[in-house]
Amino acid sequence: MTDTSRSGADFWFDPACPFAWITSRWILEVEKVRDIEVTWHIMSLAYLNQDKDISDEYRAFLSTAWQPVRVLMAAEQKYGKDVLLPLYTAMGNRIHLEKQDKDRAMIEAALEEAGLDLSLADAMDDSTYDEAIATSHKRGMDQVGNEVGTPTIAFEGRAFFGPVISKKPTGEDAGRMWDAFVTLSKYEHFYELKRSRTEALDFS
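Not measured: the values here are computed from a predicted model.

A. The arrangement of the overall build of the protein in detail. A tally of regular secondary structure across the protein gives eight helices and four strands. For the protein, the N- to C-terminal ordering of α and β elements is β-α-β-α-α-α-α-α-α-β-β-α. Relative to the compact-globule value of 17 Å for 204 residues, the protein shows a C-alpha radius of gyration of 17 Å, a close match. Dimensions of the protein, computed from the C-alpha atoms along their principal axes, are close to 45 × 45 × 30 Å. Among the 204 residues that make up the protein, the fraction classed as buried is 47%. Look at the contacts in the protein between residues 6 or more apart in sequence, and 70% of them connect residues 24 or more apart. If you sum the accessible surface of the protein, you get close to 10800 Å²; carbon and sulfur atoms cover 47% of it. The centroid of the 23 positive side-chain charges in the protein is displaced by 4 Å from the centroid of its 35 negative side-chain charges.

Written as structure tokens, this is what we have:
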């Protein structure tokens, strides 16, 4: 039986993004302590930045960003949205915690962990998935504008980029940060809170 009392939140991610990864682990903590249920959606940093003037270093980073996203889209099309979180988690652990390359070996290992068909790895070099990726991407990014990226969260009719955090809170701390997010999002004239980040990302 579906619990209709839980509120829905939509989360757009690219598995290559370390900021989205930490925020995604936070919102999973929120699900444990607040009545929300997250639906996961694909966006693409490579698509977002394809026509932008970016550094050579970031361009090199994005050169391997299409592949995992294409496989995620192939998995979604074959199995449905429910497979996105387990596959994202399997990829993210390898990319961000184990510092593995975004190559076929990593993707196949992630597919195996998620219990999915290993042949889905063929999608990594198949650009026919890019149109569906762009559609999913735009569905999220059109709500927040072109000057942001991932993580993007939509909740109760409004969407925001962020929160950007360097380490996930857990338990009631995670819940209180969600409460603050909800409170700010309900004010229709609220747009941004920001300060310079002064510490390294902590993936623990």
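B. Representation of the pattern of salt bridges within the structure. Tallied over the entire structure, the rule returns eleven salt bridges. Residue Asp130 pairs with Arg70 through a salt bridge whose shortest N-O separation is 2.8 Å. With a gap of 60 residues between them, Asp130 in helix α7 (residues 130-141) and Arg70 in helix α4 (residues 66-79) connect regions that are remote in the sequence. Each of the two residues, Asp130 as well as Arg70, counts as buried. In this structure, Asp117 and Lys78 form a salt bridge, with 2.9 Å as the shortest nitrogen-oxygen distance.

C. How the structure looks around unusual backbone geometry. The step from Thr150 to Pro151 runs through a cis peptide bond, and the omega angle for that step is 10°. In this structure, Pro151 sits in the loop between α7 and β3 (152-155). Backbone geometry at Lys99 places phi at a positive 55°, although glycine is not the residue there. Within the element layout of this structure, Lys99 appears in the loop between α5 (84-97) and α6 (104-113). For Glu156, which is not a glycine, the phi torsion comes out positive at approximately 50°.

What counts as what
- Residues numbered from 1 in each chain as written.
- Predicted model: local features only at pLDDT ≥ 70, side-chain atom pairs only at ≥ 80, totals over all residues.
- Heavy atoms only, no water.
- Helix = DSSP H or I, 4+ residues; strand = E, 2+ residues; numbered from the N terminus.
- Rg over C-alpha atoms; globule rule 2.2 N^0.38 Å.
- Buried < 20%, exposed > 50% of the residue type's maximum accessible area, 1.4 Å probe, protein only.
- Contact = heavy atoms within 4.5 Å.
- Areas by Shrake-Rupley, 256 points an atom, 1.4 Å probe, with all protein chains shown as cover.
- Lys, Arg positive; Asp, Glu negative; His and termini not counted.
- Charge placed at Lys NZ, Arg CZ, Asp CG, Glu CD.
- Salt bridge = Lys/Arg side-chain N within 4 Å of Asp/Glu carboxyl O.

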